[in-house]
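Okay, here's what each chain looks like letter by letter:
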Amino acid sequence: MWRRWAAPQCQRRLIHTSPTSGQRFPKVIDIEDATCYRRHPAPDDTPESNPPLFLNLSFRLYKDKVPYGRLAGQEEHWAILSPSSLARTTLLQILGGQHICIPPTARSYPALSEISKSPQHAIRYVGFDAERGSSVGGSNVRGAYLSARYESRREETDYSLMDYLTGHTELNALEHVLSQSDKAILDEAIQKLDLQSLLTMPVANLSNGQTRRARIAKALMARPEVLLLDGPYMGLDPNTLSKLDTVLYDLAERQSPRLVLSLRPEDGVPDWITHLVVTDDTLQVLQQGSKHNLFEKSTNSTSNRTSHQILRAASQPHSTTTTLSKDAFPRTSPPSPPGEPLVELSGVKVSYGSKTVLGDWQQPEQSTPGLHWTLHRGQRAGIFGPNGSGKTTLLSLLTSDHPQTYALPIKHFGRSRLPDPSSNEPGISLFDIQRRIGHSSPEIHAFFPKNLSIRRAIESAWSDAPLAKPHLTADADRRVDAILRWFAADLNPSHSENLIPTLEATYHKPTHQTKSTTRLEAAQTYHDDNFHSDADLLWADSTPFRTLPFSSQRLVLFLRSIVHSPDLVILDEAFSGMDEDVRDKALLFLSHGETIKAVESVLQRLGKVTLMGLNERQGLVVISHSKDDVPGCVREWICLPEPGEGRTPRMGRLKGPLELMREGWGEIWGSGV
């Protein structure tokens, strides 16, 4: 357990501010009984066409330290806790002045008016995912092709971190000199966020954790009164997460700016957070107030079960007493036997000039330096390591995106990229490699065309590029239909319930609803009622990818990576940003498809299964910084060392699903986390 990150203890009792006392103390944000909408309500609106956002919302954020009671001289540090990424983001946007507020006077910023700042300038939102601009360069970096980040050659558009912080991000930009006050803020931000050694680095080369610190520094340059951080701890390794938490704690203590964070239950709650807003996926505030009081009530009360489930998950984010993982693997389950090699790395070393980013070591029992590692059919492997350790570079070698793949000792599916004169074996092309790989990652999300429909986005698994025409067959159509039906409740905006119930629920319907007398007849009845035509899937053709919530977009890209049963599935932080229940369903489907034993699907009973989940001919590679996002089938692992240390990577094998093995997570990271 790292510093300042623990389940809340009985430290002190926090008091709410009464309306009377609130008038004496300036409030930065004051929301009282407000209901928000994405667009202004019209007379013909329905709850489906223009749903209310956080009905009757009230929230106050005070400008100064609490000058009264048992908290005199202390601050309130707020976080939004929710399993829904849509709820977390929407509430932060409302706090920042976005969305229509009814009545308009219900949302105000009294303290901001004193310093003549509008909410748009005084409150800054920073989101750490593809939809909200996770790359520090924003649109200016999006023009580069994906493999450009792995090249040593610098382009004119490859501006440095210092250029980004000072605003010099355009070609032929006008020169402007920073004022003394701006220089002071810049120097302080660089020092506080430990960016000094990165100032000359191109922003496209920054790691995940470095990017987050850079984006926070950029936001601080605007001198905001409030900084809204959406998911700052998502997708970070334990060491980077600890460092970032220290930075955020220091900023919160200074109260310049005030911080409001959003957290997933699996993130836990930082010890320095004093107050929580708990929300669910229906965009309702379940509870809010003192963290200590909320956690105490979640232990002693049975009311408001959803809220208490969220709080309990946050208070003990890594504990479990179950005997099955969320994707139905027992605590002890052997790995699949390895088949023929899919990718072979025989002494790989990647360098840019004098700088080595991967393979700067000599592994035991190997005659050549560099990384020696082979992935076989049937293997389920996890790649771990600190931010900046070379995981992305290694993945670019597996997918052959890296320009140096041609010159390195790598074989994909038994063949090298270049022809082998000694055996007259032709080289394997990039299209042949990537046609046999399913890949999902935040980087793909950032560049994926958002105008495609849901169906077309999934069908792009059969095309050489997302916008190219897919090469579809009758089997491909059946696979897409099957996967859309299974996840209709998570992708169809107007769907209110899961399409696939358990056979138990189907079988035990009242007799007036079905004439079925056996389990097989019950299954057939349900199948005939719900699977007789494709009319129920028209929503997938008419719903654009861009209109989906962030969690659902992540789900579509995950489904795209597995729907065509590729030889190799690569999931690089593929579940990061997914809502917890959606992620659990996706993990279950990854390993078992429509044959999920935990649900005993209707299709399995009738012998109409289309998608079987991972098979013994497929390999799986997973990158994740969250134990909860690692599929239960992963058994082999490799952990890359810190860059520049010269240590060899550590490798090992798990006895069962990582979710149920706390000691396994500590073994991977070489610590007791």
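Residues numbered from 1 in each chain as written. Predicted model: local features only at pLDDT ≥ 70, side-chain atom pairs only at ≥ 80, totals over all residues. Heavy atoms only, no water.

Looking at an unreviewed UniProt entry, one finds the protein chain named ABC transporter domain-containing protein, with Zasmidium cellare ATCC 36951 as its source organism.

Draft legend 1. Inspection of helix α8 (residues 208–221) at higher detail. The first and last C-alpha atoms of α8 sit 20 Å apart over 14 residues, in line with the 20 Å expected at 1.5 Å per residue. Here α8 lies mainly inside the structure; 12 of its 14 residues are buried. Looking at α8, one finds that the buried residues are G209, Q210, T211, R212, R213, A214, R215, I216, A217, A219, L220 and M221. Looking at the buried side of α8, the elements it contacts are β6 (123–127), α6 (161–166), α7 (180–192), β7 (226–230) and α9 (238–254). Backbone geometry just after α8 places R223 at a positive phi near 55°. (Helix = DSSP H or I, 4+ residues; strand = E, 2+ residues; numbered from the N terminus. Expected span 1.5 Å × (residues − 1). Buried < 20%, exposed > 50% of the residue type's maximum accessible area, 1.4 Å probe, protein only. Contact = heavy atoms within 4.5 Å.)

Draft legend 2. Examining empty space enclosed by the protein more closely. Scanning the entire structure with this criterion turns up 6 cavities of 30 Å³ or more. For the largest cavity, the calculated volume is near 120 Å³. Within the residue set of the lining of the largest cavity, elements represented by two or more residues are α16 (474–486) and α22 (580–592). Within the lining of the largest cavity, the residues separate by chemical class into 8 nonpolar, 4 polar and 1 charged. (1 Å grid on protein atoms, 1.4 Å probe; cavity = no way out; pocket = protein on both sides within 12 Å on 5 of 7 lines; lining within 4 Å. Points joined across faces, edges and corners; volume = space filled by probe spheres on them. Nonpolar A, V, L, I, M, F, W, Y, C, P; charged D, E, K, R; others polar.)

Draft legend 3. Quick peek at unusual backbone geometry. Each neighbour pair has its own omega, and for I102 with P103 the value is -10°, a cis peptide bond. Structurally, the position occupied by P103 is in the loop between β4 (100–102) and β5 (107–108). Positive phi, normally seen in glycine, also occurs at F54, with a value near 55°. Residue placement: F54 occurs in strand β2 (residues 53–62). Its relative accessible area of 1% is what places F54 among the buried residues. The phi dihedral of R223 is positive, around 55°, even though this residue is not glycine. Note that R223 resides in the loop between α8 and β7.

Draft legend 4. Main features of the pairing of strand β8 (residues 258–263). Among the 6 residues of β8, 6 are classified as buried, and the element is accordingly described as predominantly covered. Here β8 shows two buried faces, one formed by R258, V260 and S262 and the other by L259, L261 and L263. Relative to β8, strand β3 (residues 78–81) runs parallel, the two being bridged by 4 bridges. Paired with L81 across the bridge in β8 is L263. Once you follow β7 into α9 and on to β8, the crossover reads as right-handed. (Pairing = 2+ DSSP bridges. Right-handed = clockwise from strand over helix to strand, strands pointing away.)

Draft legend 5. Expanded view of the pattern of salt bridges. Applying the stated criterion across every chain, the model contains 24 salt bridges. We note a salt bridge from D30 to K27, for which the minimum N-O separation is 4.0 Å. Take D30 and K27: they sit in the same class, and that class is buried. With its nearest N and O atoms 3.0 Å apart, the salt bridge here joins D475 to R479. Residue D475 and its partner R479 are located together in helix α16, separated by 4 residues, close to a single helical turn. Relative accessible area serves as the criterion here: at 36%, D475 is assigned to the partly exposed category. Connected via shared salt-bridge partners are R264, E266, D267, R583, D584 and D629. (Salt bridge = Lys/Arg side-chain N within 4 Å of Asp/Glu carboxyl O.)

Draft legend 6. Geometry of the sheet that holds strand β18 (residues 568–572). Spatially, 6 strands are ordered β17-β18-β19-β15-β20-β21 in an open sheet, and the strand pairing comes out mixed. Taken across any chain shown, the strands that pair with only one partner, and hence form the sheet edges, are β17 (437–440) and β21 (650–653). If you compare each strand with its neighbour and ignore which way they point, the axes differ by 15° on average. The sheet contact formed by strand β15 (residues 380–384) and strand β19 (residues 619–623) spans 4 bridges and is parallel. Residue pairing for β19: A381 is matched across the bridge by V621. Running at roughly 170° to β17, helix α21 (residues 550–562) makes contact with β17 and β18 of the sheet. (Axes fitted to C-alpha atoms, helices over the stretch in contact; angles between N-to-C directions.)

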